[in-house]
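# Coordinate inspection notes
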Amino acid sequence: MNNDELQTDSIRSKYTDKQPHSGLYRLNIIHLYPDLLNLYGDRGNIQCMRMRCKWRGIDANVIECSLDDHPELAVADIVLLGGGSDREQQIVCTRLQKIRRDLRDYVEDGGSLLAICGGYQLLGHYYDTADGRMEGLSLVDLYTEQGSPRLISNIVLRNESLPDFLPCEIVGFENHGGRTYIGSNKPFGKVLYGHGNNGKDACEGVLYRNVIGTYLHGPLLPKNPHVCDLLLQRALYRKYGVSLTDFPALDDSLEREANRAVVTRFHSPLAP
Amino acid sequence: MRLRTLLAVAAAKAALTACHLSGRPGSSLPGRAALKIDPHIIAPLAADIRRGIIVTCGTNGKTTTNNLLCSMLEAQGYRVVSNRLGANMLEGVAAAFATSAKRPLGYLFAKGPLGYLVDAKRPLGYLDADFACLEIDEASAARVLQDLRPDYMILTGLFRDQLDRYGEIDLTMKALEKAILEAPEMTLIINGDDPLTAYLAKNSAHRVVSFGVSERVANEVDEIREARFCENCGAPLRYDFYHFSQLGVYRCPSCGFCRPEIDYDASGVRLSPQLSFDVKEPGTAPVKISAPMTGFYNVYNILAVFSVLRQMNLPTDKFNEVLRSFRPQFGRGEVFHVGANGGQRVLLNLAKNPAGFGQNISAMLQDRSPKDLIIVINDNAQDGRDVSWLWDVDFDRLADETIRSITVSGLRAPDMQLRLKYVEIESDRAPDVESAIDRLLAAGCENLYVLVNYTALYEAHRYLEGMQK
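Residues numbered from 1 in each chain as written. Chains lettered and ligands numbered in written order. Predicted model: local features only at pLDDT ≥ 70, side-chain atom pairs only at ≥ 80, totals over all residues.

### Topic: the overall build of chain B
In terms of helices and strands, chain B carries 16 helices and 17 strands. Scaling as 2.2 N^0.38, a compact globule of 469 residues should have a C-alpha radius of gyration of about 23 Å, and chain B matches this with 23 Å. Projected onto its principal axes, the C-alpha coordinates of chain B cover approximately 75 × 55 × 40 Å. Within chain B, the fraction of its 469 residues that count as buried is 55%. Put simply, 71% of the contacts in chain B that link residues at least 6 apart link residues at least 24 apart. (Helix = DSSP H or I, 4+ residues; strand = E, 2+ residues; numbered from the N terminus. Rg over C-alpha atoms; globule rule 2.2 N^0.38 Å. Buried ≥ 20, exposed ≤ 12 C-beta atoms within 10 Å, placed from the backbone. Contact = placed C-beta atoms within 7 Å.)

### Quick look at the overall build of chain A
When helices and strands are tallied, chain A shows six helices and 12 strands. Among the 272 residues that make up chain A, the fraction classed as buried is 49%. Within chain A, contacts between residues separated by at least 24 positions form 71% of all contacts whose residues are at least 6 apart in sequence.

### A closer look at helix α9 (residues 169-182) of chain B
Residue and element names in this part refer to chain B. End to end, α9 covers 20 Å across 14 residues, agreeing with the expected 20 Å (1.5 Å per residue, within 8%). Within the span of α9, buried status applies to Ile 169, Thr 172, Met 173, Ala 175, Leu 176, Ala 179 and Ile 180. Axial view of α9: buried residues confined to an arc of 165°, hence all on one face. (Expected span 1.5 Å × (residues − 1). Arc of directions from axis to C-beta.)

### Some details on the domain arrangement of chain B
All names here are of chain B. Segmenting chain B into domains produces domain 1 (48-86 + 112-325) and domain 2 (332-468). Summarising the inter-unit geometry, the C-alpha centres of domain 1 and domain 2 are found 27 Å apart. Contacts between the two partners involve 23 residues from domain 1 and, on the opposite side, 17 residues from domain 2. Mapped by element, the contributors of at least two residues to the side of domain 1 that touches domain 2 are α4 (62-75) and α8 (163-166). A per-element tally of the side of domain 1 that touches domain 2 places α8 first, with three residues. Split by residue class, the side of domain 1 that touches domain 2 holds nine nonpolar, nine polar and five charged. (Domains from an automatic or database assignment. Nonpolar A, V, L, I, M, F, W, Y, C, P; charged D, E, K, R; others polar.)

### As for the nonpolar core
Among the nonpolar cores identified, the biggest contains 93 residues, and B:Ala12, B:Ala34, B:Ala94, B:Phe97, B:Ala98 and B:Leu303 are the most heavily contacted of them. If one sorts the elements of this core by residue count, helix α11 (residues 297-311) of chain B sits on top with nine residues. Aside from chain neighbours lying at most four places away, what touches B:Ala94 is B:Gly31, B:Ala34, B:Leu35, B:Ile41 and B:Ile42. Counting 67 residues, the second largest nonpolar core, distinct from the first, contains A:Val140, A:Phe173, A:Leu231 and A:Ala235. (Core = buried A, V, L, I, M, F, W, Y, C linked by C-beta atoms within 7 Å.)

### Some points on the sheet that holds strand β6 (residues 207-213) of chain B
Residue and element names in this part refer to chain B. Pairing is mixed across the open sheet formed by nine strands, whose spatial order is β2-β3-β1-β4-β5-β6-β9-β10-β11. With partners counted over all chains shown, the strands left at the sheet margins are β2 (80-82) and β11 (287-291), one partner each. Between one strand and the next, the sheet's axes are offset by a mean angle of 20°, whatever the strand orientation. By the bridge criterion, three bridges tie β6 to strand β9 (residues 264-270) in an arrangement that is parallel. Bridge pairing in β9 links Gly 212 to Asp 265. (Pairing = 2+ DSSP bridges. Axes fitted to C-alpha atoms, helices over the stretch in contact; angles between N-to-C directions.)

### Some words on the packing of helix α2 (residues 29-37) of chain B against helix α5 (residues 90-100) of chain B
Residue and element names in this part refer to chain B. Across the interface, α2 lies against α5 with an axial gap of 7 Å and an inter-helix angle of 85°. Here α5 runs roughly perpendicular to α2, going by the angle between their axes. Across from Pro 30, Gly 31, Arg 32, Ala 34 and Leu 35 in α2, the residues of α5 making contact are Leu 90, Glu 91, Gly 92, Val 93, Ala 94, Ala 95, Ala 98 and Thr 99. (Parallel < 35°, antiparallel > 145°, perpendicular 65-115°, else oblique.)

### With respect to the environment of A:Pro222
With respect to the helices and strands, the residue A:Pro222 is situated in the loop between β12 (211-214) and α5 (225-240). Exposure remark for A:Pro222: the 29 C-beta atoms within 10 Å place this residue in the buried category. Apart from residues lying up to four places away in sequence, A:Pro222 is in contact with A:Gly44, A:Cys48, A:Glu255, B:Leu418 and B:Tyr422.

### Some thoughts on unusual backbone geometry
Peptide bonds are trans in most cases, and residues, glycine excluded, mostly fall at negative phi. All names here are of chain A. In this structure, the amide linkage connecting Ser 148 to the following residue, Pro 149, adopts the cis form with an omega of 0°. Here the bond from Gly 218 into Pro 219 is cis, since omega is -15°, no more than 30 degrees from zero. Within the secondary structure, Pro 219 is located in the loop between β12 and α5. The phi dihedral of Tyr 33 is positive, around 55°, even though this residue is not glycine.

### Here we look at the pairing of strand β5 (residues 187-191) of chain B
Residue and element names in this part refer to chain B. With four of five residues buried, β5 is to be regarded as a mostly interior element. Sheet analysis places strand β4 (residues 152-155) next to β5, joined by four bridges and oriented parallel. Among the inter-strand pairings, Tyr 152 is bridged to a residue of β5, identified as Thr 187. Relative to β6, β5 runs parallel, the two sharing five bridges. Pairing of Asn 191 across the sheet is with Phe 211, part of β6. A crossover links β5 with its parallel partner β6, the connecting element being helix α10 (residues 195-202), and its sense is right-handed. (Right-handed = clockwise from strand over helix to strand, strands pointing away.)

### A look at helix α3 (residues 100-108) of chain A
Residue and element names in this part refer to chain A. Taken as a whole, α3 has its buried residues at Leu 103, Tyr 106 and Val 107. Buried residues of α3, seen end-on, are gathered within an arc of 95° and therefore sit on one face of the element. Looking at α3, the residues exposed on the side facing more than 90 degrees away from the buried face are Arg 101, Asp 105 and Glu 108. Where α3 is buried, its residues contact β3 (78-81), β4 (112-116) and β12.

### Examining the sheet that holds strand β1 (residues 26-32) of chain A
Residues and elements named next belong to chain A. Here six strands make up an open sheet; going across it, the order is β2-β1-β3-β4-β12-β11 and the pairing mixed. The two strands at the open ends of the sheet, each matched to only one other strand, are β2 (59-65) and β11 (206-208). Taking the axes of each pair of neighbouring strands and ignoring which way they run, one obtains an average angle of 15° across the sheet. Looking at chain direction, β1 and β3 are connected through four bridges and run parallel. Across the sheet, Ile 29 pairs through a bridge with Ile 78, a residue of β3.

### Considering the environment of B:Thr455
All names here are of chain B. Along the polypeptide, Thr 455 turns up in helix α16 (residues 454-468). For Thr 455, a count of 17 C-beta atoms within 10 Å corresponds to the partly exposed category. Counting along the chain gives 22 residues from Thr 455 to Val 433, while the straight-line C-alpha distance between them is 12 Å. Setting aside anything within four residues of it in sequence, one finds Thr 455 in contact with Asn 378, Asn 380, Gln 382 and Asp 383.

If you want it as structure tokens, here you go:
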């Protein structure tokens, strides 16, 4: 090899060695039922949180909770509830009812919860399908009904209402049969491109306390580092009273580029 | 032959000529033209097949299995109709049949106008072939099987694939279930190591033959598995061991659903320097098989072909000979020798879903010589618009001392680079696959791996083929 561009000692060099605060801060991230709810690269969300903690010297302790485990929500700082197929969701749904009260206490206490797709639907009162009603957790005042066709698309959102959000669009991929109605709750974002909650009201997802519910896969966090940082920020503040800005800033040029690529391709602000 | 079928065949032939003139393979468009005129053109042409129709379904391994089967049958002197280029939806199957049919005018001349009128029955479509071997897309299978009555259906295995097109894998299962019901008389030849496929077969009333690997071969890798839970009752499956993804030796402790008795069982599997194993079949002596291929998944592809040949009572005496000369086509582990005296080796492989990508990485890491890697990810309709599956691939395994560099390209290059960043692996970007290949070869790379998803395959293949000439 004589090409300078390719002459790296190792393909692992650039991203390692960034742990200034090692050992001081530790976040417990509970991943609920990854053995069932792991559709569409959702574990990328865990990987994103894990690495963005690591690069700042924050210790990310990921606890994978399987169906037989009892999640210790009292020590949780961030909880991730992913999506699964309808069949898998039904299995989870029954199990979740047993920890419903713990989850509600966690949410009402300001705990961070990210619920994706099927997990998002489970936050509400119910999901009505052709095969009957799936009872939800009633953590957030919303409900879902099965619709046709499936809403499948790249999706671009904008959220200007959150103060700690960077002024940046949220991008992802949606693939859901359910139509979700969030009543008077705030949406996660306004739909610039794609379908959103129900294809009608131009809203996507829900925000309630420190809960984010959304249909966005992609997975959500890697191409939306500002959303990842929002979760980390809230968790750090709740646990230690510190702000993410106390930590060294990360180089997010690649993340931003991947985000912009989706925005400009599917929603050009210059388009009529 | 019905006039409609005649016209449809003529239209397909004309479309094929037009495709060839414009430099395209014409694997689909002629079928579309034919179907416009005769929506059921497949049925009369399929009725002319003399000895058997074999279809191959499953998310991974269709093209290699189908092409290998064609080569085996041709080596025995049979005439075979197939969709070797991998055009596996309704149009592709129609194109395979219609473009292989005799020219309508030739047919008229052969029979004479009077003969044509008298001979209203046979041959229906005037297709001169002993076998039809067709790979069929899972979502198209039910529709194709309305017109095509196969004798055998090979099910290679079911993995998470293009979720935006098929929805969840449950929907792929339902589509296949429907297709299987369309042809109640066919025999299913299944990958018994896959609980999803085994469940499909168990739930049907069809005759089932299975192939598999009952001994542990390689260390399992922790990756996304589709069927951790029993399809039958929902309880967690117990595994003695995994081969890869959800393939392995499994049983349900709750309802008793289990891996079927394996009819064609591979043992003594060696993956390098090339594949070799013995196939045991009840009541016969083991057969030694060796193939100049790598990758565990190819054991299944070979086993599937072996099983169907044995089931049809066809000779397998030339099996190893055909394997030796079998050239994987169209980027299914296809090797190119380029540069001065062909001293630079380039391996092109399709990697379109997590299971396929994982297997590609395993095969690549078995090659312990230094290498450079190009990954191209597109998100056109055929690729699947949703690229979130990239996060279901264990890319951390690429942090291996034999991999000198990784270059990323394609419509979703930023996504791919970001994916690598989150396992702390650096990569370069190239505007397209051609310049990526050029750059690495100019830098003296002697061992280059190019892993691409569907629509990038044609571009990469054409370019490498051109370089080799």
